[in-house]
Amino acid sequence: MMSSEAEARPSIALKVPSAPRWQLTVGALLIAVFVVLIDQGTKVWAVATLTERERIPLAGDLLGLQLAYNPGAAFSFGEDFTWVFALLAVAATVTAIVFAFRVQRLGWAIIIGALGGAAASHAGDRLFRDPGFARGHVVDFLAYGNWFIGNVADIVIFAAAIAGAFLMIRGGDETQE
């Protein structure tokens, strides 16, 4: 009787079959494309709608919209080294593509796709925006108090870093055998 109860109820410890690697690769690449489209689309909107002088409050002084062109990294660090950040963004994009073809876990495919898309979008800004090739400024428009102004790709990078740290602490993801 006890064995029939066990057979009738699925075990919690059942292994979830892993997706084939090609599905994970395609998924990661599609996520990357989605991130690029959303980030670049919001930047096109910001450039067409916002100004560098005026701040539009969304949540009082805590969050607002204000156009900014950032030649440096986070918090405008390294403004004189825009070309270095262009190279780093391209390197991060290429690295994400390589990892997308090697990924074996769903959680990591999502993270790699998100990071690759954010890096590719930043690389596009660095390579093709004014003031010139490999010296372009990243378009920012989400003003966080008086701390900094960012964009959608920055949010994706932050969220993917937290998710990646979580997966590393956890030792994998839900499909780990």
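Analysis parameters
Residues numbered from 1 in each chain as written. Predicted model: local features only at pLDDT ≥ 70, side-chain atom pairs only at ≥ 80, totals over all residues. Heavy atoms only, no water. Salt bridge = Lys/Arg side-chain N within 4 Å of Asp/Glu carboxyl O. Helix = DSSP H or I, 4+ residues; strand = E, 2+ residues; numbered from the N terminus. Buried < 20%, exposed > 50% of the residue type's maximum accessible area, 1.4 Å probe, protein only. Contact = heavy atoms within 4.5 Å. Axes fitted to C-alpha atoms, helices over the stretch in contact; angles between N-to-C directions. Parallel < 35°, antiparallel > 145°, perpendicular 65-115°, else oblique. Left-handed = near helix turned anticlockwise from the far one by under 90°. Expected span 1.5 Å × (residues − 1). Nonpolar A, V, L, I, M, F, W, Y, C, P; charged D, E, K, R; others polar. Core = buried A, V, L, I, M, F, W, Y, C linked by side-chain atoms within 4.5 Å. Patch = residues over 30% accessible without salt bridge, like charges linked within 9 Å, V, L, I, M, F, W, Y side chains within 5 Å. Areas by Shrake-Rupley, 256 points an atom, 1.4 Å probe, with all protein chains shown as cover. Pairing = 2+ DSSP bridges.

Asker: Even after reading the chapter, I still don't get the pattern of salt bridges, so can you show me in this structure?
Answerer: Between side chains of opposite charge, a pair can form as their charged atoms come close. If you walk through the whole model with that rule in mind, you get 3 salt bridges. Among the ionic pairs, Asp125 bridges to Lys43, the shortest N-O distance being 2.5 Å. One end of the pair, Asp125, is in helix α4 (residues 106-128); the other, Lys43, is in helix α2 (residues 21-49), and 82 residues separate them in sequence. Of the two residues, Asp125 and Lys43, neither departs from the other in class, the shared state being buried. In this structure, a network of salt bridges that share partners links the residues Asp39, Lys43, Asp125 and Arg129.

Asker: I tried to follow the environment of Val156 on my own but got confused; where do I start?
Answerer: If you trace the backbone, Val156 turns up in helix α5 (residues 152-170). Residue Val156 is classed as buried on the basis of its relative accessible area, which comes to 17%. Spatially, the C-alpha atoms of Val156 and Ala114 are 6.4 Å apart, while their sequence positions differ by 42 residues. Leaving out residues up to four positions away in the same chain, Val156 has contacts with Val35, Ala114 and Ala118.

Asker: Help me understand the packing of α4 against α5, please; the structure alone is not making it clear to me.
Answerer: Relative placement of two packed helices is described by the angle separating their axes and the distance separating the axes. The contact between α4 and α5 brings their axes to 9 Å, and the two run at 150 degrees. With respect to each other, α4 and α5 are oriented roughly antiparallel. Both α4 and α5 take part in a crossing whose hand is left-handed. On α5, the residues that touch Gly107, Trp108, Ile111, Ala114, Leu115, Ala118 and His122 of α4 are Ala153, Asp154, Val156, Ile157, Ala160, Ala163, Gly164, Leu167 and Met168.

Asker: What is the right way to read α2 from this model?
Answerer: Think of an α-helix as 3.6 residues a turn; residues three or four steps apart then line up on the same face. For α2, spanning 29 residues, the distance from its first C-alpha to its last is 42 Å, which sits close to the expected 42 Å at 1.5 Å a residue. Residues of α2 that are buried in the fold lie against β2 (63-70), α3 (82-100), α4, β3 (138-144) and α5.

Asker: Help me out: how do you make sense of the packing of α2 against α5 in this one?
Answerer: For the pair α2 and α5, interaxial distance at closest approach is 8 Å and the crossing angle is 140 degrees. One element, α2, and the other, α5, form an angle in the oblique class. In this structure, α2 uses Val35, Ile38, Asp39 and Thr42 to contact α5, whose residues at the interface are Val152, Ala153 and Val156. Its residues assigned to classes, the contact of α2 with α5 shows 5 nonpolar, 1 polar and 1 charged.

Asker: Sorry, what's going on with the nonpolar core here?
Answerer: Nonpolar side chains in soluble globular proteins tend to be buried together. Core analysis: the largest hydrophobic core is formed by 16 residues, its most contacted members being Ala46, Leu50, Leu65, Leu67, Ala118, Phe141 and Val156. Those elements that place two or more of their residues in this core are α2, β2, α4, β3 and α5. Sorting elements by how many residues they give to this core places α5 first, with 5 residues. For Ala118, the contacting residues outside a window of four places in its chain are Val35, Ala153, Val156 and Ile157. Among the nonpolar cores identified, the runner-up in size contains 7 residues, and Leu24, Ala96, Val103 and Ile112 belong to it.

Asker: Hey, could you run me through a nonpolar patch on the surface in this one?
Answerer: On the surface, Trp22, Val26 and Leu30 cluster together into a nonpolar patch covering about 340 Å² of accessible area. Exposure remark for Trp22: the relative accessible area of 57% places this residue in the exposed category.

Asker: Hey, could you run me through the pairing of β2 in this one?
Answerer: Regular strands have side chains that alternate between both faces of the sheet. Judged by how many residues are buried, β2 sits mostly within the fold: 6 of 8 residues are covered. Pairing geometry for strand β1 (residues 56-59) and β2, over 3 bridges, is antiparallel. What sits directly across from Ile56, in β2, is Leu65. In this structure, the hairpin formed by β1 and β2 is closed by a connection of 3 residues, where Gly60 is found at a positive phi of approximately 60 degrees. Across 6 bridges, the pairing between β2 and β3 is antiparallel. Residue Leu63 lies in a different strand from β3, and its bridge partner there is Tyr144.

Nothing here speaks to function; it is all geometry.
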